[in-house]
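# Descriptive structure summary
Listed below are the residues making up each chain.
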Amino acid sequence: MAVVETTFIGASVATENAWHNAQQQFDDAAELLGLEPDLRDVLREPKRELSVHFPVKMDNGHVQMFQGYRVQHNLGRGPAKGGIRYHQDVSLDEVRALAMWMTWKCAIADLPFGGAKGGVIVDPHKLSAGELERLTRRFASEISVLIGPEKDIPAPDVNTTPQMMAWIMDTISMAKGYSVPAVVTGKPLSVGGSAGRNAATGRGCMIVGMEACRKLGIEPSRATVAVQGFGNAGSIAAGLMQGKGFTIVAVSDSRGGIQNRAGLDVAAVIAHKQRTGSVVGFPGSEPVSNMALLELPVDVLIPAALESQITASNAGEIKAKLILEAANGPTTPDADAILAKRGITVIPDVVANAGGVTVSYFEWVQDIQSFFWEEDEVNAKLERVMVKAFNTTWDMAKKHNVPVRLGAYLVAVSRVADATRVRGIYP
Ligand code: NAD
(Lines give C-alpha, C1' and ligand atoms only; values in the text may rest on other atoms or scores of the structure.)
Protein backbone atom coordinates (compact mmCIF):
# COMPACT_ATOMS: atom_id res chain seq x y z
CA MET A 1 0.00 0.00 0.00
CA ALA A 2 1.50 3.34 -1.06
CA VAL A 3 0.58 5.01 2.24
CA VAL A 4 2.66 2.48 4.19
CA GLU A 5 5.66 3.23 1.98
CA THR A 6 5.25 6.98 2.51
CA THR A 7 4.78 6.57 6.25
CA PHE A 8 7.88 4.40 6.53
CA ILE A 9 10.09 6.81 4.64
CA GLY A 10 8.50 9.85 6.24
CA ALA A 11 8.99 8.40 9.73
CA SER A 12 12.71 8.93 9.68
CA VAL A 13 12.94 11.79 7.19
CA ALA A 14 10.39 13.85 9.15
CA THR A 15 12.63 13.96 12.21
CA GLU A 16 15.78 14.56 10.17
CA ASN A 17 16.53 17.56 7.99
CA ALA A 18 18.95 16.51 5.25
CA TRP A 19 20.04 20.11 4.64
CA HIS A 20 20.94 20.70 8.28
CA ASN A 21 22.83 17.39 8.25
CA ALA A 22 24.70 18.41 5.07
CA GLN A 23 25.64 21.77 6.59
CA GLN A 24 26.82 20.08 9.78
CA GLN A 25 29.05 17.73 7.78
CA PHE A 26 30.49 20.75 5.97
CA ASP A 27 31.00 22.65 9.25
CA ASP A 28 32.94 19.73 10.75
CA ALA A 29 35.31 19.70 7.75
CA ALA A 30 35.64 23.51 7.65
CA GLU A 31 36.55 23.49 11.35
CA LEU A 32 39.23 20.82 10.94
CA LEU A 33 40.62 22.60 7.85
CA GLY A 34 40.67 25.94 9.69
CA LEU A 35 38.82 27.48 6.72
CA GLU A 36 38.57 31.28 6.72
CA PRO A 37 35.16 32.43 8.10
CA ASP A 38 34.32 34.35 4.88
CA LEU A 39 34.92 31.30 2.73
CA ARG A 40 32.90 29.19 5.14
CA ASP A 41 29.94 31.53 4.68
CA VAL A 42 30.23 31.28 0.89
CA LEU A 43 30.45 27.49 0.73
CA ARG A 44 27.74 26.62 3.26
CA GLU A 45 24.91 28.20 1.22
CA PRO A 46 23.54 27.33 -2.25
CA LYS A 47 24.40 29.81 -4.99
CA ARG A 48 21.00 29.68 -6.73
CA GLU A 49 17.58 28.20 -5.98
CA LEU A 50 14.74 28.06 -8.47
CA SER A 51 11.27 27.07 -7.28
CA VAL A 52 8.62 26.47 -9.93
CA HIS A 53 4.89 25.78 -9.93
CA PHE A 54 3.70 24.42 -13.24
CA PRO A 55 0.53 22.98 -14.81
CA VAL A 56 0.24 19.57 -16.46
CA LYS A 57 -2.72 18.39 -18.53
CA MET A 58 -3.83 15.09 -17.00
CA ASP A 59 -5.44 12.21 -18.91
CA ASN A 60 -8.88 13.03 -17.43
CA GLY A 61 -8.82 16.44 -19.12
CA HIS A 62 -8.14 18.41 -15.92
CA VAL A 63 -5.04 20.51 -15.25
CA GLN A 64 -3.00 19.66 -12.15
CA MET A 65 -0.39 21.94 -10.59
CA PHE A 66 3.01 20.54 -9.56
CA GLN A 67 5.92 22.04 -7.66
CA GLY A 68 9.60 21.47 -8.40
CA TYR A 69 13.04 22.85 -7.68
CA ARG A 70 16.48 23.22 -9.22
CA VAL A 71 19.24 24.24 -6.81
CA GLN A 72 22.82 25.04 -7.81
CA HIS A 73 25.07 24.84 -4.79
CA ASN A 74 28.43 25.82 -6.29
CA LEU A 75 29.90 26.57 -9.72
CA GLY A 76 33.48 27.27 -8.63
CA ARG A 77 35.06 24.33 -10.47
CA GLY A 78 32.78 24.20 -13.52
CA PRO A 79 29.16 23.85 -14.67
CA ALA A 80 26.71 22.47 -12.13
CA LYS A 81 25.94 18.76 -12.26
CA GLY A 82 23.28 16.72 -10.50
CA GLY A 83 20.22 14.56 -10.95
CA ILE A 84 16.49 15.18 -10.93
CA ARG A 85 14.34 13.26 -8.43
CA TYR A 86 10.62 12.51 -8.62
CA HIS A 87 9.22 11.69 -5.17
CA GLN A 88 6.28 12.68 -3.03
CA ASP A 89 8.62 13.70 -0.17
CA VAL A 90 10.84 16.05 -2.24
CA SER A 91 11.40 19.37 -0.43
CA LEU A 92 13.58 22.43 -1.02
CA ASP A 93 15.80 21.44 1.93
CA GLU A 94 16.27 17.93 0.53
CA VAL A 95 17.24 19.33 -2.89
CA ARG A 96 19.66 21.80 -1.22
CA ALA A 97 21.37 18.94 0.62
CA LEU A 98 21.60 16.81 -2.51
CA ALA A 99 23.06 19.79 -4.44
CA MET A 100 25.74 20.42 -1.82
CA TRP A 101 26.68 16.72 -1.75
CA MET A 102 27.09 16.89 -5.57
CA THR A 103 29.62 19.71 -5.19
CA TRP A 104 31.77 17.63 -2.83
CA LYS A 105 31.34 14.46 -4.91
CA CYS A 106 32.49 16.11 -8.14
CA ALA A 107 35.48 17.60 -6.31
CA ILE A 108 36.49 14.24 -4.80
CA ALA A 109 36.32 12.55 -8.23
CA ASP A 110 38.24 15.60 -9.54
CA LEU A 111 35.62 16.32 -12.22
CA PRO A 112 35.42 19.88 -13.62
CA PHE A 113 31.90 20.38 -12.25
CA GLY A 114 30.08 22.13 -9.45
CA GLY A 115 27.01 20.69 -7.73
CA ALA A 116 23.27 20.94 -8.38
CA LYS A 117 20.11 18.90 -7.90
CA GLY A 118 16.47 19.05 -8.94
CA GLY A 119 13.26 17.51 -7.76
CA VAL A 120 9.53 17.43 -8.39
CA ILE A 121 6.99 16.66 -5.65
CA VAL A 122 5.14 13.78 -7.30
CA ASP A 123 4.56 10.07 -6.84
CA PRO A 124 5.34 9.03 -10.43
CA HIS A 125 3.75 5.61 -9.92
CA LYS A 126 0.36 7.34 -9.87
CA LEU A 127 0.85 8.99 -13.30
CA SER A 128 0.40 7.46 -16.76
CA ALA A 129 3.28 7.42 -19.26
CA GLY A 130 1.70 10.34 -21.13
CA GLU A 131 1.28 12.38 -17.94
CA LEU A 132 4.91 11.69 -16.98
CA GLU A 133 6.11 12.84 -20.39
CA ARG A 134 4.12 16.09 -20.20
CA LEU A 135 5.29 16.69 -16.61
CA THR A 136 8.93 16.06 -17.55
CA ARG A 137 8.82 18.30 -20.63
CA ARG A 138 7.10 21.13 -18.77
CA PHE A 139 9.52 20.90 -15.83
CA ALA A 140 12.46 20.92 -18.28
CA SER A 141 11.02 24.00 -19.90
CA GLU A 142 10.53 25.72 -16.50
CA ILE A 143 14.15 25.10 -15.45
CA SER A 144 15.54 25.85 -18.94
CA VAL A 145 16.59 29.28 -17.66
CA LEU A 146 19.24 27.49 -15.59
CA ILE A 147 20.25 24.36 -17.49
CA GLY A 148 22.55 23.99 -20.51
CA PRO A 149 25.79 22.21 -21.49
CA GLU A 150 27.99 25.02 -20.14
CA LYS A 151 25.71 25.88 -17.21
CA ASP A 152 24.02 22.99 -15.47
CA ILE A 153 23.59 19.41 -16.65
CA PRO A 154 20.85 17.23 -15.05
CA ALA A 155 20.85 13.40 -14.89
CA PRO A 156 18.62 10.61 -13.50
CA ASP A 157 18.03 10.11 -9.79
CA VAL A 158 15.29 8.37 -7.78
CA ASN A 159 12.33 7.53 -10.05
CA THR A 160 13.73 9.24 -13.15
CA THR A 161 14.89 7.22 -16.14
CA PRO A 162 16.92 7.42 -19.38
CA GLN A 163 13.59 7.92 -21.24
CA MET A 164 12.88 11.02 -19.15
CA MET A 165 16.39 12.33 -19.88
CA ALA A 166 15.61 11.91 -23.61
CA TRP A 167 12.43 14.00 -23.15
CA ILE A 168 14.47 16.72 -21.38
CA MET A 169 17.06 16.67 -24.19
CA ASP A 170 14.32 16.87 -26.82
CA THR A 171 12.46 19.69 -25.06
CA ILE A 172 15.58 21.86 -24.80
CA SER A 173 16.56 20.96 -28.40
CA MET A 174 13.11 21.96 -29.73
CA ALA A 175 13.45 25.41 -28.17
CA LYS A 176 16.94 25.84 -29.68
CA GLY A 177 16.05 24.44 -33.09
CA TYR A 178 18.91 21.94 -33.09
CA SER A 179 19.98 18.92 -31.01
CA VAL A 180 21.66 19.68 -27.69
CA PRO A 181 22.64 16.24 -26.36
CA ALA A 182 25.10 17.61 -23.76
CA VAL A 183 22.30 19.35 -21.81
CA VAL A 184 21.55 16.17 -19.88
CA THR A 185 23.29 12.84 -19.12
CA GLY A 186 21.99 9.35 -18.47
CA LYS A 187 20.28 9.42 -21.88
CA PRO A 188 19.58 6.34 -24.01
CA LEU A 189 22.49 5.40 -26.31
CA SER A 190 20.45 6.33 -29.40
CA VAL A 191 20.44 10.04 -28.48
CA GLY A 192 24.00 10.50 -27.24
CA GLY A 193 24.08 8.43 -24.07
CA SER A 194 27.30 6.79 -22.94
CA ALA A 195 28.01 3.10 -22.89
CA GLY A 196 28.26 2.05 -19.24
CA ARG A 197 26.27 5.00 -17.81
CA ASN A 198 23.27 2.99 -16.65
CA ALA A 199 25.44 0.65 -14.57
CA ALA A 200 27.98 3.30 -13.52
CA THR A 201 26.70 4.09 -10.01
CA GLY A 202 26.49 0.41 -9.07
CA ARG A 203 29.82 -0.36 -10.76
CA GLY A 204 31.55 2.50 -8.95
CA CYS A 205 30.08 1.26 -5.67
CA MET A 206 31.42 -2.25 -6.34
CA ILE A 207 34.90 -0.90 -7.23
CA VAL A 208 35.07 1.17 -4.04
CA GLY A 209 33.67 -1.78 -2.05
CA MET A 210 36.46 -4.05 -3.33
CA GLU A 211 39.08 -1.44 -2.34
CA ALA A 212 37.56 -1.01 1.12
CA CYS A 213 37.34 -4.79 1.68
CA ARG A 214 41.02 -5.09 0.80
CA LYS A 215 41.88 -2.44 3.41
CA LEU A 216 39.68 -4.08 6.06
CA GLY A 217 40.73 -7.68 5.34
CA ILE A 218 37.22 -8.73 4.24
CA GLU A 219 37.44 -11.66 1.80
CA PRO A 220 34.60 -11.37 -0.77
CA SER A 221 34.07 -15.13 -1.10
CA ARG A 222 33.36 -15.36 2.65
CA ALA A 223 31.43 -12.09 2.98
CA THR A 224 27.67 -11.43 3.09
CA VAL A 225 25.90 -8.31 1.82
CA ALA A 226 22.48 -6.69 2.46
CA VAL A 227 21.14 -4.00 0.10
CA GLN A 228 18.36 -1.55 1.02
CA GLY A 229 16.82 -0.16 -2.18
CA PHE A 230 16.81 -2.36 -5.27
CA GLY A 231 16.70 0.29 -8.00
CA ASN A 232 19.36 1.44 -10.44
CA ALA A 233 22.14 1.89 -7.87
CA GLY A 234 21.28 -0.98 -5.50
CA SER A 235 20.40 -3.76 -7.93
CA ILE A 236 23.43 -3.17 -10.14
CA ALA A 237 25.82 -2.93 -7.17
CA ALA A 238 24.31 -6.19 -5.83
CA GLY A 239 24.75 -8.00 -9.17
CA LEU A 240 28.32 -6.83 -9.67
CA MET A 241 29.29 -7.68 -6.08
CA GLN A 242 27.81 -11.14 -6.50
CA GLY A 243 30.03 -11.45 -9.57
CA LYS A 244 33.05 -10.72 -7.33
CA GLY A 245 32.13 -13.59 -4.99
CA PHE A 246 30.06 -11.83 -2.30
CA THR A 247 26.87 -13.58 -1.09
CA ILE A 248 23.87 -11.23 -1.32
CA VAL A 249 21.63 -12.33 1.58
CA ALA A 250 18.96 -9.60 1.63
CA VAL A 251 17.53 -6.89 -0.63
CA SER A 252 14.53 -4.57 -0.37
CA ASP A 253 12.49 -1.94 -2.15
CA SER A 254 9.77 0.46 -1.04
CA ARG A 255 7.26 -2.39 -0.68
CA GLY A 256 9.45 -4.54 1.61
CA GLY A 257 12.42 -6.86 1.68
CA ILE A 258 13.48 -10.46 1.18
CA GLN A 259 16.28 -12.57 2.64
CA ASN A 260 17.95 -15.92 2.16
CA ARG A 261 21.05 -16.71 4.24
CA ALA A 262 22.26 -19.10 1.52
CA GLY A 263 22.25 -16.22 -0.98
CA LEU A 264 19.85 -14.66 -3.48
CA ASP A 265 20.34 -14.98 -7.24
CA VAL A 266 20.46 -11.26 -8.08
CA ALA A 267 19.64 -11.66 -11.79
CA ALA A 268 16.59 -13.76 -10.89
CA VAL A 269 15.46 -11.16 -8.29
CA ILE A 270 15.79 -8.41 -10.94
CA ALA A 271 13.66 -10.48 -13.33
CA HIS A 272 11.07 -11.06 -10.55
CA LYS A 273 10.95 -7.30 -9.80
CA GLN A 274 10.53 -6.52 -13.51
CA ARG A 275 7.63 -9.00 -13.66
CA THR A 276 5.83 -8.10 -10.42
CA GLY A 277 6.99 -4.55 -9.61
CA SER A 278 8.74 -5.58 -6.37
CA VAL A 279 11.33 -7.94 -4.89
CA VAL A 280 8.64 -9.07 -2.41
CA GLY A 281 7.46 -12.64 -2.89
CA PHE A 282 10.64 -13.85 -4.61
CA PRO A 283 10.45 -17.68 -4.56
CA GLY A 284 12.63 -19.32 -1.88
CA SER A 285 13.06 -16.13 0.18
CA GLU A 286 11.80 -15.06 3.62
CA PRO A 287 10.33 -11.59 4.14
CA VAL A 288 12.32 -8.96 6.06
CA SER A 289 11.30 -5.39 6.82
CA ASN A 290 13.33 -2.47 5.50
CA MET A 291 14.38 -1.50 9.03
CA ALA A 292 15.26 -5.08 10.08
CA LEU A 293 17.36 -5.46 6.91
CA LEU A 294 19.68 -2.68 8.11
CA GLU A 295 20.36 -4.60 11.33
CA LEU A 296 21.04 -8.04 9.81
CA PRO A 297 24.31 -9.79 10.75
CA VAL A 298 26.17 -9.16 7.46
CA ASP A 299 29.69 -8.06 6.57
CA VAL A 300 28.68 -5.31 4.15
CA LEU A 301 25.56 -3.12 4.26
CA ILE A 302 24.61 -1.07 1.19
CA PRO A 303 21.92 1.57 1.78
CA ALA A 304 20.76 2.39 -1.77
CA ALA A 305 17.38 4.07 -1.23
CA LEU A 306 16.83 7.45 0.45
CA GLU A 307 18.28 9.79 3.10
CA SER A 308 18.31 9.34 6.87
CA GLN A 309 17.85 5.59 7.10
CA ILE A 310 20.68 5.01 9.60
CA THR A 311 20.03 7.36 12.51
CA ALA A 312 20.88 7.61 16.21
CA SER A 313 17.98 5.26 16.91
CA ASN A 314 19.31 2.26 14.94
CA ALA A 315 23.07 2.90 14.56
CA GLY A 316 23.71 0.95 17.77
CA GLU A 317 22.06 -2.11 16.19
CA ILE A 318 23.98 -2.20 12.90
CA LYS A 319 26.10 -5.34 12.69
CA ALA A 320 27.90 -4.83 9.37
CA LYS A 321 31.66 -4.15 9.43
CA LEU A 322 31.45 -1.97 6.33
CA ILE A 323 28.71 0.39 5.12
CA LEU A 324 28.86 1.41 1.45
CA GLU A 325 26.61 4.41 0.85
CA ALA A 326 25.17 3.91 -2.63
CA ALA A 327 22.35 6.28 -1.62
CA ASN A 328 22.89 9.95 -0.91
CA GLY A 329 22.74 10.91 2.76
CA PRO A 330 21.56 7.57 4.22
CA THR A 331 23.50 8.10 7.48
CA THR A 332 22.89 11.07 9.78
CA PRO A 333 25.76 12.84 11.60
CA ASP A 334 24.52 11.46 14.98
CA ALA A 335 24.56 7.95 13.56
CA ASP A 336 28.04 8.53 12.08
CA ALA A 337 29.39 9.30 15.57
CA ILE A 338 27.89 6.07 16.97
CA LEU A 339 29.20 3.96 14.08
CA ALA A 340 32.69 5.47 14.41
CA LYS A 341 32.74 4.64 18.13
CA ARG A 342 31.68 1.08 17.32
CA GLY A 343 34.49 0.68 14.77
CA ILE A 344 32.17 0.36 11.76
CA THR A 345 33.70 1.79 8.57
CA VAL A 346 31.42 3.99 6.45
CA ILE A 347 32.46 4.71 2.86
CA PRO A 348 30.44 7.88 2.35
CA ASP A 349 28.05 8.66 -0.51
CA VAL A 350 30.36 11.31 -1.97
CA VAL A 351 32.85 8.51 -2.72
CA ALA A 352 30.76 5.31 -2.88
CA ASN A 353 28.21 6.56 -5.43
CA ALA A 354 30.49 8.88 -7.43
CA GLY A 355 30.55 6.38 -10.32
CA GLY A 356 27.30 7.77 -11.71
CA VAL A 357 28.47 11.35 -12.03
CA THR A 358 31.87 10.19 -13.29
CA VAL A 359 30.35 8.42 -16.29
CA SER A 360 27.93 11.34 -16.67
CA TYR A 361 31.05 13.47 -17.08
CA PHE A 362 32.32 11.01 -19.71
CA GLU A 363 28.92 11.24 -21.47
CA TRP A 364 29.05 15.05 -21.50
CA VAL A 365 32.59 14.97 -22.91
CA GLN A 366 31.57 12.47 -25.62
CA ASP A 367 28.48 14.55 -26.55
CA ILE A 368 30.55 17.73 -26.87
CA GLN A 369 33.12 15.93 -29.05
CA SER A 370 30.51 13.85 -30.94
CA PHE A 371 32.98 11.01 -30.52
CA PHE A 372 31.87 7.95 -28.58
CA TRP A 373 33.81 5.38 -26.59
CA GLU A 374 33.47 1.61 -26.23
CA GLU A 375 32.07 0.30 -22.95
CA ASP A 376 35.37 -1.30 -21.85
CA GLU A 377 37.09 2.07 -22.32
CA VAL A 378 34.42 3.78 -20.19
CA ASN A 379 34.67 1.10 -17.48
CA ALA A 380 38.48 1.26 -17.40
CA LYS A 381 38.41 5.07 -17.06
CA LEU A 382 35.73 4.78 -14.37
CA GLU A 383 37.84 2.31 -12.39
CA ARG A 384 40.85 4.66 -12.48
CA VAL A 385 38.79 7.59 -11.18
CA MET A 386 37.09 5.56 -8.44
CA VAL A 387 40.28 3.90 -7.16
CA LYS A 388 42.04 7.27 -7.05
CA ALA A 389 39.10 8.98 -5.29
CA PHE A 390 38.93 6.14 -2.76
CA ASN A 391 42.65 6.14 -1.99
CA THR A 392 42.94 9.94 -1.75
CA THR A 393 40.04 9.94 0.69
CA TRP A 394 41.23 6.92 2.69
CA ASP A 395 44.76 8.33 3.04
CA MET A 396 43.40 11.72 4.14
CA ALA A 397 41.23 10.02 6.78
CA LYS A 398 44.19 7.98 8.07
CA LYS A 399 46.48 11.05 8.09
CA HIS A 400 44.06 12.95 10.35
CA ASN A 401 42.82 9.87 12.21
CA VAL A 402 39.17 10.68 11.35
CA PRO A 403 36.29 8.70 9.80
CA VAL A 404 36.38 8.27 6.02
CA ARG A 405 33.51 10.76 5.53
CA LEU A 406 35.47 13.52 7.20
CA GLY A 407 38.55 12.50 5.17
CA ALA A 408 36.46 12.82 1.99
CA TYR A 409 35.17 16.23 3.05
CA LEU A 410 38.69 17.44 3.79
CA VAL A 411 39.67 16.57 0.21
CA ALA A 412 36.51 18.04 -1.34
CA VAL A 413 36.15 21.22 0.67
CA SER A 414 39.81 22.16 0.25
CA ARG A 415 39.57 21.67 -3.55
CA VAL A 416 36.43 23.82 -3.84
CA ALA A 417 37.88 26.39 -1.41
CA ASP A 418 41.07 26.58 -3.52
CA ALA A 419 39.02 27.26 -6.67
CA THR A 420 36.98 29.93 -4.87
CA ARG A 421 40.08 31.61 -3.41
CA VAL A 422 41.95 31.72 -6.73
CA ARG A 423 38.91 33.07 -8.61
CA GLY A 424 38.30 35.69 -5.90
CA ILE A 425 35.03 37.22 -4.76
CA TYR A 426 33.37 39.16 -7.61
CA PRO A 427 33.50 42.11 -8.18
P1 NAD B 1 15.73 4.21 -8.31
O2 NAD B 1 14.48 4.96 -8.41
O3 NAD B 1 16.26 3.49 -9.50
O4 NAD B 1 15.63 3.14 -7.13
C5 NAD B 1 15.27 3.45 -5.81
C6 NAD B 1 14.90 2.15 -5.13
O7 NAD B 1 14.74 2.36 -3.74
C8 NAD B 1 13.60 1.55 -5.64
O9 NAD B 1 13.74 0.15 -5.75
C10 NAD B 1 12.60 1.89 -4.52
O11 NAD B 1 11.53 0.98 -4.43
C12 NAD B 1 13.52 1.79 -3.33
N13 NAD B 1 13.06 2.48 -2.13
C14 NAD B 1 12.48 3.69 -2.02
N15 NAD B 1 12.27 3.95 -0.73
C16 NAD B 1 12.74 2.91 -0.03
C17 NAD B 1 12.83 2.59 1.34
N18 NAD B 1 12.44 3.43 2.26
N19 NAD B 1 13.40 1.42 1.70
C20 NAD B 1 13.85 0.57 0.76
N21 NAD B 1 13.80 0.81 -0.53
C22 NAD B 1 13.24 1.97 -0.92
O23 NAD B 1 16.81 5.25 -7.74
P24 NAD B 1 18.39 5.19 -7.82
O25 NAD B 1 18.81 6.02 -8.95
O26 NAD B 1 18.87 3.79 -7.67
O27 NAD B 1 18.76 6.01 -6.50
C28 NAD B 1 18.88 5.39 -5.22
C29 NAD B 1 19.83 6.21 -4.39
O30 NAD B 1 21.09 6.29 -5.06
C31 NAD B 1 19.39 7.66 -4.16
O32 NAD B 1 19.82 8.09 -2.89
C33 NAD B 1 20.14 8.41 -5.24
O34 NAD B 1 20.31 9.77 -4.92
C35 NAD B 1 21.44 7.64 -5.21
N36 NAD B 1 22.26 7.82 -6.42
C37 NAD B 1 21.81 7.45 -7.64
C38 NAD B 1 22.62 7.66 -8.76
C39 NAD B 1 22.22 7.23 -10.14
O40 NAD B 1 23.04 7.38 -11.06
N41 NAD B 1 21.03 6.73 -10.35
C42 NAD B 1 23.89 8.23 -8.60
C43 NAD B 1 24.33 8.56 -7.34
C44 NAD B 1 23.50 8.35 -6.26
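## Focus: the overall build of the protein chain
A count of helical and extended segments in the protein chain gives 15 helices and 13 strands. Against the compact-globule benchmark of 22 Å for 427 residues, the protein chain has a radius of gyration of 20 Å, which places it among compact chains. Principal-axis analysis of the C-alpha atoms gives the protein chain an extent of 55 × 55 × 45 Å. Put simply, the protein chain has 427 residues, and 58% of those count as buried.

## Examining the sheet that holds strand β12 (residues 322–324)
Ordered by their spatial adjacency, 7 strands build an open sheet running β10-β9-β8-β7-β11-β12-β13, and the pairing between neighbours is mixed. What marks the edges here is a single partner per strand, and that holds for β10 (286–288) and β13 (345–347). Pairwise comparison of adjacent strand axes, ignoring direction, gives a mean angle of 20° for this sheet. In this sheet, strand β8 (residues 247–253) lies alongside strand β7 (residues 224–228) in parallel orientation, the contact comprising 5 bridges. Of the residues in β8, the one forming a bridge with Val225 is Ile248.

## Points about the nonpolar core
Judged by nonpolar contacts, the single largest core of 86 residues is most densely connected at Trp104, Ile302 and Ile347. Per-element tally for this core: the top contributor is helix α15 (residues 404–423), with 10 residues. Three or more residues apiece are contributed to this core by two domains, here domain 1 (46–189) and domain 2 (200–352). Discounting residues that sit within four places of it in the chain, Ile347 has contacts with Val208, Ala212, Leu322, Ile323, Leu324, Glu325, Ala352, Phe390, Trp394 and Val404. Within the second largest apolar cluster, 25 residues are counted, among which are Phe139, Ile147, Met164 and Val184.

## A word on empty space enclosed by the protein
By the definition in use, this model includes 2 cavities of 30 Å³ or more. Empty space within the second largest cavity amounts to approximately 30 Å³. If you go around the second largest cavity, the residues you meet are Ala18, Asn21, Gln25, Trp101, Glu307, Ser308, Gly329, Thr331 and Thr332. Of all the elements, helix α2 (residues 18–33) adds the most residues to the lining of the second largest cavity, at 3 residues. Residues of the lining of the second largest cavity, tallied by class, amount to 2 nonpolar, 6 polar and 1 charged.

## Digging into the site of the ligand
Close contacts around the ligand come from 26 residues, with Asp157, Asn159, Thr201, Ala233 and Asn328 the closest. In the environment of the ligand, an oxygen atom lies 2.6 Å from a nitrogen or oxygen atom belonging to the side chain of Asp157. At 2.9 Å from an oxygen atom of the ligand is found a main-chain nitrogen or oxygen belonging to Asn232. Bound to the protein, the ligand loses 91% of the 830 Å² it would expose on its own. Counting only elements with at least two residues in the shell around the ligand, the list comes to α1 (2–15), α8 (232–243) and β8. Considering only residue class, the shell around the ligand consists of 10 nonpolar, 11 polar and 5 charged. Two domains each provide a minimum of three residues to the shell around the ligand, namely domain 1 (46–189) and domain 2 (200–352).

## With respect to helix α4 (residues 92–108)
Over its 17 residues, α4 runs 25 Å from end to end, which matches the ideal 24 Å to within 8%, given 1.5 Å per residue. The element α4 is largely enclosed, with a buried count of 15 among its 17 residues. Of the residues flanking the end of α4, it is Asp110, one or two places downstream, whose phi is positive at about 60°.

## Observations concerning the pairing of strand β2 (residues 63–74)
Bridge analysis of strand β1 (residues 48–57) against β2 gives 10 bridges, and the strand direction is antiparallel. Residue pairing in the sheet places Val56 in a bridge with Gln64 of β2. Connecting β1 to the antiparallel partner β2 that follows it, the hairpin turn spans 5 residues, and Gly61 within it adopts a positive phi of roughly 95°. In the sheet, β2 pairs with strand β5 (residues 114–121) via 6 bridges, with the strands oriented antiparallel. By the bridge assignment for β5, Gly68 is matched with Val120.

## Here we look at helix α5 (residues 129–142)
Spanning 14 residues, α5 covers 20 Å between terminal C-alpha atoms, matching the ideal 20 Å at 1.5 Å per step. Every buried residue belonging to α5 is among Glu131, Leu132, Leu135, Thr136, Phe139 and Ala140, and all of these are buried. Projected onto a plane normal to the axis of α5, the buried residues spread over an arc of 160° and lie on a single side. Buried residues in α5 make contact with β1, β2, β4 (84–87), β5 and α6 (162–176).

## Describing the packing of α5 against α6
One way to put it is that α5 packs onto α6 with a least axis distance of 9 Å and a crossing angle of 45°. Judged on the interaxial angle alone, α6 and α5 are oblique. Considering only the axes of α5 and α6, their crossing is right-handed. Across the interface between the two elements, Ala129, Leu132, Glu133, Thr136, Arg137, Ala140 and Ser141 from α5 touch Met164, Trp167, Ile168, Asp170, Thr171 and Ile172 from α6.

## Comments concerning the layout of surface pockets
In this structure, the second largest pocket encloses a volume near 390 Å³. Along the walls of the second largest pocket sit 14 residues, with Val42, Lys47, Asn74, Gly76 and Thr420 positioned nearest its centre. Residue assignment for the lining of the second largest pocket shows that the elements contributing at least two residues are β2 and α15. If you tally residues by element for the lining of the second largest pocket, the top one is α15, at 3 residues.

## A short note on the domain arrangement of the protein chain
Taken domain by domain, the protein chain consists of domain 1 (46–189) and domain 2 (200–352). Distance between the C-alpha centres of domain 1 and domain 2: 27 Å. Residue-level contacts link 11 residues of domain 1 with 8 residues of domain 2. Taken together, the two surfaces of domain 1 and domain 2 that pack against each other cover about 760 Å², and 60% of this comes from carbon and sulfur. Among the residues of domain 1 in contact with domain 2, Trp101, Lys105 and Ile108 are the three that bury the most area, contributing 56% of the side total. In this assembly, domain 1 and domain 2 are joined by 2 residue pairs in polar contact (both at pLDDT 80 or more). With 6 residues, the top contributor of residues to the side of domain 1 that touches domain 2 is α4.

Cut-offs applied
- Residues numbered from 1 in each chain as written.
- Predicted model: local features only at pLDDT ≥ 70, side-chain atom pairs only at ≥ 80, totals over all residues.
- Heavy atoms only, no water.
- Helix = DSSP H or I, 4+ residues; strand = E, 2+ residues; numbered from the N terminus.
- Rg over C-alpha atoms; globule rule 2.2 N^0.38 Å.
- Buried < 20%, exposed > 50% of the residue type's maximum accessible area, 1.4 Å probe, protein only.
- Pairing = 2+ DSSP bridges.
- Axes fitted to C-alpha atoms, helices over the stretch in contact; angles between N-to-C directions.
- Core = buried A, V, L, I, M, F, W, Y, C linked by side-chain atoms within 4.5 Å.
- Domains from an automatic or database assignment.
- Contact = heavy atoms within 4.5 Å.
- 1 Å grid on protein atoms, 1.4 Å probe; cavity = no way out; pocket = protein on both sides within 12 Å on 5 of 7 lines; lining within 4 Å.
- Points joined across faces, edges and corners; volume = space filled by probe spheres on them.
- Nonpolar A, V, L, I, M, F, W, Y, C, P; charged D, E, K, R; others polar.
- Near = heavy atom within 4 Å.
- Polar contact = N/O pair within 3.5 Å; in protein donor to acceptor, adjacent residues only side chain to side chain.
- Areas by Shrake-Rupley, 256 points an atom, 1.4 Å probe, with all protein chains shown as cover.
- Expected span 1.5 Å × (residues − 1).
- Arc of directions from axis to C-beta.
- Parallel < 35°, antiparallel > 145°, perpendicular 65-115°, else oblique.
- Left-handed = near helix turned anticlockwise from the far one by under 90°.
- Buried area = accessible area lost by both parts, 1.4 Å probe.

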